[in-house]
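Chains, contacts and geometry: an overview
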Protein chains: 2
Amino acid sequence: MNKGEVVIEPADASAPGLSTTAGSIFKIIRDLGPLFPADIVRRTGLAKSTVSVYVERLAAAGLIREELRPGGKRRMLKVAESAGYVMGVGLGQTHLNVGLCDLEGDVLDSIATDVDLLHETPESILSRVVAAARALTARNALAPAALSGIGFCLPGPVDYAHGVPVSPPVMPGWDRFPLASALHREFTCPVFIDNDVNVMALAERDKGAAAQDQDFLFIHAGTGIGAGLVVNGQIYRGAKGAAGDIGHIAAGPDQVLCHCGNRGCLEAVAGGRALAAQAAEAARTGASRYLAEGLAQGLAITPELLGRGAAMGDEECLRIVITAGKTLGDTIAKLVNFFNPSLIVVGGGLANLGERYLASIRESIYRRSTPLATADLIVKRTALGPTTGVVGSAILVLDEIFSHTNVGRLTRPPSA
Amino acid sequence: MNKGEVVIEPADASAPGLSTTAGSIFKIIRDLGPLFPADIVRRTGLAKSTVSVYVERLAAAGLIREELRPGGKRRMLKVAESAGYVMGVGLGQTHLNVGLCDLEGDVLDSIATDVDLLHETPESILSRVVAAARALTARNALAPAALSGIGFCLPGPVDYAHGVPVSPPVMPGWDRFPLASALHREFTCPVFIDNDVNVMALAERDKGAAAQDQDFLFIHAGTGIGAGLVVNGQIYRGAKGAAGDIGHIAAGPDQVLCHCGNRGCLEAVAGGRALAAQAAEAARTGASRYLAEGLAQGLAITPELLGRGAAMGDEECLRIVITAGKTLGDTIAKLVNFFNPSLIVVGGGLANLGERYLASIRESIYRRSTPLATADLIVKRTALGPTTGVVGSAILVLDEIFSHTNVGRLTRPPSA
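Time to look at the packing of aromatic side chains. The final tally for this structure, using the stated rule, is eight aromatic pairs over all chains. On the numbers, 5.4 Å between centres and 65° between planes, the contact of tryptophan 174 of chain B with phenylalanine 177 of chain B is edge-to-face. In this pair, the class of tryptophan 174 of chain B matches that of phenylalanine 177 of chain B, namely buried. Among the aromatic side chains, those forming a connected cluster through ring pairs are Tyr236, Phe338 and Phe339 of chain A together with Tyr236, Phe338 and Phe339 of chain B.

Quick look at helix H5 (residues 179–187) of chain A now. For H5 of chain A, the complete set of buried residues consists of Leu179, Ala180, Ser181, Ala182, Leu183 and Phe187 of chain A. Following H5 of chain A by one or two positions, threonine 188 of chain A has its phi on the positive side, about 60°.

For the rest of this paragraph, the subject is the side chain of threonine 137 of chain B. Residue and element names in this part refer to chain B. Relative to the assigned elements, threonine 137 resides in helix H4 (residues 122–139). Within polar-contact distance, the side chain of threonine 137 engages the backbone oxygen of arginine 134 at 2.9 Å. In this view, threonine 137 contacts Met87 and Leu142; residues no more than four positions away in its chain are not counted.

Contacts between the two partners involve 55 residues from chain A, matched on the other side by 55 residues from chain B. Across the interface of chain A and chain B, roughly 4,700 Å² is buried in total on both sides, 57% from carbon and sulfur atoms. Ranking the residues of chain A by area buried against chain B places Phe338, Arg368 and Leu372 of chain A at the top, with a combined share of 17%. For the pair chain A and chain B, the number of links is two salt bridges. In this structure, the salt-bridge partner of aspartate 376 of chain A is lysine 240 of chain B, at a minimum N-O distance of 2.4 Å.

Moving on, we come to the sheet that holds strand E3 (residues 85–91) of chain A. Residue and element names in this part refer to chain A. Strand order in this open sheet of five strands is E5-E4-E3-E6-E9, and the pairing throughout is mixed. Single-partner strands in this sheet number two, and they are strand E5 (107–114) and strand E9 (191–195). With strand direction ignored, the average angle separating the axes of adjacent strands in the sheet is 15°. Each of strand E6 (147–154) and E9 is contacted by helix H6 (residues 196–207), which is oriented at about 100° to E9, the strand it contacts most.

For the rest of this paragraph, the subject is the sheet that holds strand E4 (residues 95–101) of chain B. Residue and element names in this part refer to chain B. Spatially, E5-E4-E3-E6-E9 is the arrangement adopted by the five strands of the open sheet, whose pairing is mixed. Bordering the open sheet on either side are strand E5 (107–114) and strand E9 (191–195), each of which pairs with just one other strand. With direction set aside, neighbouring strand axes in the sheet form an average angle of 15°. Bridge analysis of strand E6 (residues 147–154) against E9 gives five bridges, and the strand direction is parallel. Paired with isoleucine 150 across the two strands is valine 191, which belongs to E9.

We now examine the side chain of aspartate 196 of chain A. All names here are of chain A. Its location among the elements puts aspartate 196 in helix H6. Of the side chains with opposite charge, arginine 237 lies nearest to the buried aspartate 196, which makes no salt bridge, at 11 Å. Contact partners of aspartate 196, with chain neighbours within four places excluded, come to Cys153, Leu154 and Pro155.

This brings us to the environment of glycine 349 of chain B. All names here are of chain B. Relative to the elements of secondary structure, glycine 349 occurs in the loop between strand E13 (343–347) and helix H12 (355–368). Using a relative accessible area of 42% as the deciding quantity, one classes glycine 349 as partly exposed. With 57 residues separating them along the chain, glycine 349 and alanine 292 place their C-alpha atoms 22 Å apart. Other than its neighbours up to four places away in sequence, glycine 349 contacts Ala221 and Gly222.

Phi at asparagine 232 of chain A takes a positive value of approximately 50°, unusual for a residue other than glycine. By relative accessible area, asparagine 232 of chain A is classed as partly exposed at 37%.

Attention shifts here to the packing of helix H11 (residues 315–339) of chain A against helix H12 (residues 355–368) of chain A. The relative placement of two packed helices is expressed as an angle between their axes plus a distance between the axes. Residues and elements named next belong to chain A. Interhelical geometry of H11 versus H12 gives an angle of 40° and a closest axis separation of 7 Å. Between H11 and H12, the crossing angle belongs to the class labelled oblique. Read as a crossing pair, H11 and H12 show a hand that is right-handed. Across the contact of H11 with H12, the residue classes tally to eleven nonpolar, five polar and five charged.

Residues and elements named next belong to chain A. The predicted model of chain A averages 88 in pLDDT, with 91% of residues at 70 or higher. Here residues 1–19 is modelled with pLDDT under 50, and outside its nearest four sequence neighbours on either side it reaches 39 contacts, counting other chains as well. Here the prediction assigns the complex a pTM of 0.83, and the interface score ipTM is 0.82.

Moving on to the relation of the copies chain A and chain B. Mapping chain A onto chain B leaves a residual RMSD of 0.1 Å; the transformation is a rotation of 180° accompanied by 0.0 Å of translation along its axis. The symmetry that links the two subunits is that of a two-fold axis.

With that settled, consider the environment of glutamate 267 of chain A. Residue and element names in this part refer to chain A. As for its placement among the helices and strands, glutamate 267 is situated in helix H7 (residues 266–270). Separated by 124 residues in sequence, glutamate 267 and alanine 143 place their C-alpha atoms 44 Å apart. Among residues more than four places away in sequence, those in contact with glutamate 267 are Thr223, Gly224, Ile225, Gly247, His248, His259 and Ala274. At 3.0 Å, the side chain of glutamate 267 and the backbone nitrogen of isoleucine 225 are in polar contact. Here histidine 259 takes part through its side chain, which lies 3.1 Å from a polar atom of the side chain of glutamate 267.

Rules used in this analysis
Residues numbered from 1 in each chain as written. Chains lettered and ligands numbered in written order. Predicted model: local features only at pLDDT ≥ 70, side-chain atom pairs only at ≥ 80, totals over all residues. Heavy atoms only, no water. Phe/Tyr/Trp six-rings, centres within 6.5 Å; stacked < 30°, edge-to-face > 60°. Buried < 20%, exposed > 50% of the residue type's maximum accessible area, 1.4 Å probe, protein only. Helix = DSSP H or I, 4+ residues; strand = E, 2+ residues; numbered from the N terminus. Polar contact = N/O pair within 3.5 Å; in protein donor to acceptor, adjacent residues only side chain to side chain. Contact = heavy atoms within 4.5 Å. Buried area = accessible area lost by both parts, 1.4 Å probe. Salt bridge = Lys/Arg side-chain N within 4 Å of Asp/Glu carboxyl O. Pairing = 2+ DSSP bridges. Axes fitted to C-alpha atoms, helices over the stretch in contact; angles between N-to-C directions. Lys, Arg positive; Asp, Glu negative; His and termini not counted. Parallel < 35°, antiparallel > 145°, perpendicular 65-115°, else oblique. Left-handed = near helix turned anticlockwise from the far one by under 90°. Nonpolar A, V, L, I, M, F, W, Y, C, P; charged D, E, K, R; others polar. pLDDT = per-residue confidence, 0-100. Least-squares fit on C-alpha atoms with pLDDT ≥ 70 in both.

Take a look at the structure:
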């Protein structure tokens, strides 16, 4: 570990002996509460006296509270949502969103601002994040200790264990920038840094199209193309945090050069920039009447305009949109054969290209995946808005600090 | 669930409340034993008295035993390996292997026989499996109750929860054949059916090239091409048990028709049959002098002979072998970008094509995957022999019957 990097162990549910009874009980209350202690006894098979001991510890640690059942006399257990707050930070290529969230991951207050990721220094952006977070805690009259954690997502690969970006192509100067440790020094709470598509998948799991689904694939199609894998309810990051980095899968002709230096990469042939370039060409040559008129009117030839043209029935716009859907769908089909998800959620700017785009993706998947892998497979568009990064980052923190391992640490009596 | 299908719940470690303290303690003893009760206290954070209670229950259920430390007075805890046996069955297209294994997954005795999967009925093969298993229990003087479970692997997709094959292409008549329930009726113990590549990955995890690795990819390249995904130490089967079915990923020219009805499938261009056909062509035309001589001598033109030709330096044999490696490597590269494993183990008959084949696979992966995804990635050949299916099937049983959930059931006192 390099100097200046923060020491926060990510939860490792697979390591033997690390998941704790306190954590298991807390998770049951978080996922299924409010409920009675007897429900926990029934679900865990633990002795009533054991459950009582751990419930007392969790309450003493401020993680759960009792509430009277409406109209009844018996007390039920639930998460103490006002026991703390988490900060979710979503950093994009042009926008920064900082949101104060409760322990359910709902945004209570937020600050949004423009940034220029290609030209601003990491230090400049960090200071703006700190200022926004301080403004949010101040105007909501929160004591520093009320912040249980900070989640931060950014558009590039992340070394999750160390909380640093790793050679992010669209973030010059950020390679191994000690983001987690810098924020930890400012706010003292735990800090978790992740790739934006990963945390968007968490938001889909808890608040979106995959609500409560524990195994699915989130595809983010925008300027870049990425995937978030949710396995057993958790983000699957792979050995180096690079899992889901599907934008550079070979998917098109070798003539198309990608900014990564390779050829025919998925995002070089079907990402937002590729579609904007194809649309600009169709506007210039007049192949698309709709786009040519837009150009004449001085409109920016964007994927959004392309999508509108397709929706209006412009044939060339439709052709470009359908071809882009086919290219993405052909790649997803390979992942479906490999991973056999039951649900694929498509988000990102290109998800707004319209129903024909989604239909083209679906058709390619069904055509090129095995029948068993597509049996009951659902492909749908995200239901979440542009603040998904903030919500997902908050949920990331909640997942981590309320994991089996860490709840165990919080509640372990000093004498044990 | 259809009539006649067996009712065995697969372990679901992700379901809240299902993992038990007994199961956690047993897993620690199985993975790390022999060890002292104090080690368990330290690892779990449980009270000494709680650990004592569960250790007593596990011992009473016959799952663990105490042994004196060599030269010492203190007793250590370990799995009671002679407390039971498991049967591992490996069914291939031409061979059937049935092995009696101990609780460590080591083969104590086995019976191998030829089969013809394309022409024999499921009932005929089932009766041969039953006869072999009965012969093994009889000649090892085992009481029926000594068999803790049966694991069975076959070359096709499996509905794991119901223990039935699903439309296996190379097993006519086996679609939804009630294999698990039939074996359960014969032997009364739990029965688990899985795809052969999946259980081979388990064997790699416990006994092979991935020893003790909890996240890796096993690629089986033979007549068919398949993958086994190990995530957090467990087989990832996907929504329908189809995960890892990579043989039908689009990987080659559309002119190549696959037996599945699609075109350009990976196994149609780089599987054992495709290589045998290319080798036969090279023998017939004389493009390969080595193979042409083999043909003249009446040798069968197989992938093995092709591999020998490549090892002898025959240029056309080398070209075919290197091209096959490149095609497989290009597909694996996509999976590496998506899944970011730290280890890939290559097994199956084609893994014997030689070092140039492996080198070609490696080169394609490194060329077409992102630098972060291939940082520290290891690609190696299997170290296991042809009985991997038997060992893997036995390990599958051990994983299931000694899972958190099921150990919890075995050890839960009736009064709780």
